[in-house]
Amino acid sequence: MTQTNTGFLSARPQYTQRVSQLLVDEAVDWEATHGLLLRAPKTDGLGFVPAPVALGPSPIPRREFDKVVMLQPVFNLLFDRVSRDHEFLTSTLESLGSSDEFTLRTLAMYTRQRLLGVWKPGVIGIHRSDYLIHAPGDEPKASPLAKQVEFNTIASSFASLSSIVGDFHRFMLAKTEYKDLLQSGTITKEQLPTNESLTSIGDGIAAGFELYGNPGAVVAMVVQPNERNIYDQRWIHVVRLTFGDIVDRCVIGKDNRLFMGDKEIAVAYYRSGYAPTDFPSEKEWDAVERFIDDEQTAELVRECFVGLYPLDNSSEGQKAYDLAMANPSNYVVKPQREGGGYNTYGDDIPKLLSSLSNEERKGYILMDLIRAPGFNNILLRNGQLVASEVVSELGIYGVWVSDGDGNIVINRSGGHLLRTKASDVYEGGVAAGFAVIDSPLLI
């Protein structure tokens, strides 16, 4: 039987908004003894704080969870095919004109590398497809649907800590049965899915490393300076380099191989490079049918999408502009960026669009707002409780490895991430300070 919005919303347990200090102490101690940590802000030494988490798991429709896990290999393949279609890539990105210097410089770098014609023994994709559950309360007979927010192709963070949060919620259930948290309803261990994200990313990198063919080489993780999320990253044993370190310490040797001293770098795993701030100095719908062969699968992928509209000088762009200005609460304006903190919502949309020239508007798209239902949970930040109505964003990790000729070696889903934030906060990045790490309660 198909689950309706009413069925999903009514099946969720209800959490109290006050819990005992004993439960809080239990949670904080577990975090500290299991590496569920962030580096403390503005600390030069070894200071750390408990990672921000949801005290209890947050509800996600089981059918939609299973669907997006199943679809992740499809998305992996889709984006690999897109990345190999030079004409599609260049025509799409060049349409930005001069509106987005960061994207244009990235495109120029890609073009230069393509002209060099350097053969690579393998390609690794560490992806994460992020979703909100669209389940408006005023559409009771409709079904809750996972709608894609974005697809991350670089710096897909929190794979390690996400897995540990799932363990944390299983521990709390086993130890306390959540009696202090549950106001009504139940939680069972069968509702808490296992999460392989802690190991899947490393397995993908290892497979790519083997393709390189030099067991004496190393893996480099390209990181941001003063990274607070270091304890999520440290589960993968690599050489850590910033972009500045690469310039200062690495050289390109024979046959375009990269060396750091006498160590050859076989794999570069980027946890940085997705935003202009990572470079402080000089030192679209029909695409689905184009890249996915099976019509039924393409339809499932399309079901995950909400409306996306250009904001350029075309007739479609002008129509989208007029819609956004007239009904801003129905939309989100997004730039060509990954990571949190860049999107514009609600009443801020007319202000933004009014400030942009026609050329600058080319760097943005308009997206239908996903109406995710609120849920009362308790968030734990720095040992302090914050009771709040929250919404949750589900991310599914994907691991892709292909050889130098494009043959698939690995194509699979690789676990999940749930980020939960107050419902009146638009952005959802943990590292950016907007959200906490959570795990799904399948309903």
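See the structure printed just above.
Note that the structure is a prediction, hence the values are computed from the model and not measured. (Residues numbered from 1 in each chain as written. Predicted model: local features only at pLDDT ≥ 70, side-chain atom pairs only at ≥ 80, totals over all residues. Heavy atoms only, no water.)

Student: Lay out the overall build of the protein chain in plain terms, naming residues and giving numbers.
Tutor: When helices and strands are tallied, the protein chain shows 14 helices and 22 strands. Each principal axis of the C-alpha atoms in the protein chain carries an extent, and together these give about 65 × 55 × 45 Å. Split into buried and exposed, the 443 residues of the protein chain put 49% on the buried side. When the accessible surface of the protein chain is totalled, it reaches about 21,300 Å², and 52% of it is carbon and sulfur. Counting 42 positive and 57 negative side-chain charges, the protein chain places the centres of these two groups 3 Å from one another. (Helix = DSSP H or I, 4+ residues; strand = E, 2+ residues; numbered from the N terminus. Buried < 20%, exposed > 50% of the residue type's maximum accessible area, 1.4 Å probe, protein only. Areas by Shrake-Rupley, 256 points an atom, 1.4 Å probe, with all protein chains shown as cover. Lys, Arg positive; Asp, Glu negative; His and termini not counted. Charge placed at Lys NZ, Arg CZ, Asp CG, Glu CD.)

Student: Quick rundown of the sheet that holds strand 11 (residues 250-252)? Include the residues and the values.
Tutor: Spatially, 5 strands are ordered 10-9-13-12-11 in an open sheet, and the strand pairing comes out mixed. The two strands at the open ends of the sheet, each matched to only one other strand, are strand 10 (239-241) and strand 11. Averaged over all pairs of adjacent strands, the angle between their axes in this sheet comes to 45°, without regard to strand direction. Bridging between strand 12 (residues 258-260) and strand 13 (residues 263-270) involves 2 bridges; their strand directions are antiparallel. Bridge pairing in strand 13 links Met-260 to Lys-263. Set on the sheet, helix 7 (residues 197-212) makes contact with strand 9 (218-222) and strand 13; between it and strand 13 the angle comes to about 145°. (Pairing = 2+ DSSP bridges. Axes fitted to C-alpha atoms, helices over the stretch in contact; angles between N-to-C directions. Contact = heavy atoms within 4.5 Å.)

Student: An account of the packing of helix 6 (residues 159-176) against helix 7 is needed here, citing residue identities and associated values.
Tutor: Running from N to C, helix 6 and helix 7 point in directions that differ by 150°, and their axes come no closer than 7 Å. In terms of orientation, helix 6 lies roughly antiparallel with respect to helix 7. In this structure, helix 6 uses Ala-159, Ser-160, Ser-162 and Ser-163 to contact helix 7, whose residues at the interface are Ser-197, Leu-198 and Ile-201. Its residues placed into classes, the contact of helix 6 with helix 7 shows 3 nonpolar, 4 polar and no charged. (Parallel < 35°, antiparallel > 145°, perpendicular 65-115°, else oblique. Nonpolar A, V, L, I, M, F, W, Y, C, P; charged D, E, K, R; others polar.)

Student: With reference to specific residues and values, describe the sheet that holds strand 14 (residues 308-310).
Tutor: Pairing in this open sheet of 4 strands is antiparallel, and the strands run 14-17-15-16 from one edge to the other. Edge positions in the open sheet fall to strand 14 and strand 16 (344-345), since each of these has one partner strand only. With 2 bridges connecting them, strand 15 (residues 331-335) and strand 16 associate as antiparallel partners. Looking at the pairing, Val-332 lines up with Tyr-345 of strand 16. In this fold helix 12 (residues 315-326) packs onto strand 14, strand 15 and strand 17 (364-368), with an angle of close to 115° to the strand it touches most, strand 14.

Student: Can you tell me about the side chain of Asn-195, naming the residues and giving the values?
Tutor: Relative to the helices and strands, Asn-195 resides in the loop between strand 8 (182-184) and helix 7. A polar atom in the side chain of Asn-195 sits 3.1 Å from the side chain of Ser-197. Once residues lying within four places of it in the same chain are set aside, the contact partners of Asn-195 are Ser-162, Ser-163, Gly-415 and His-416. (Polar contact = N/O pair within 3.5 Å; in protein donor to acceptor, adjacent residues only side chain to side chain.)

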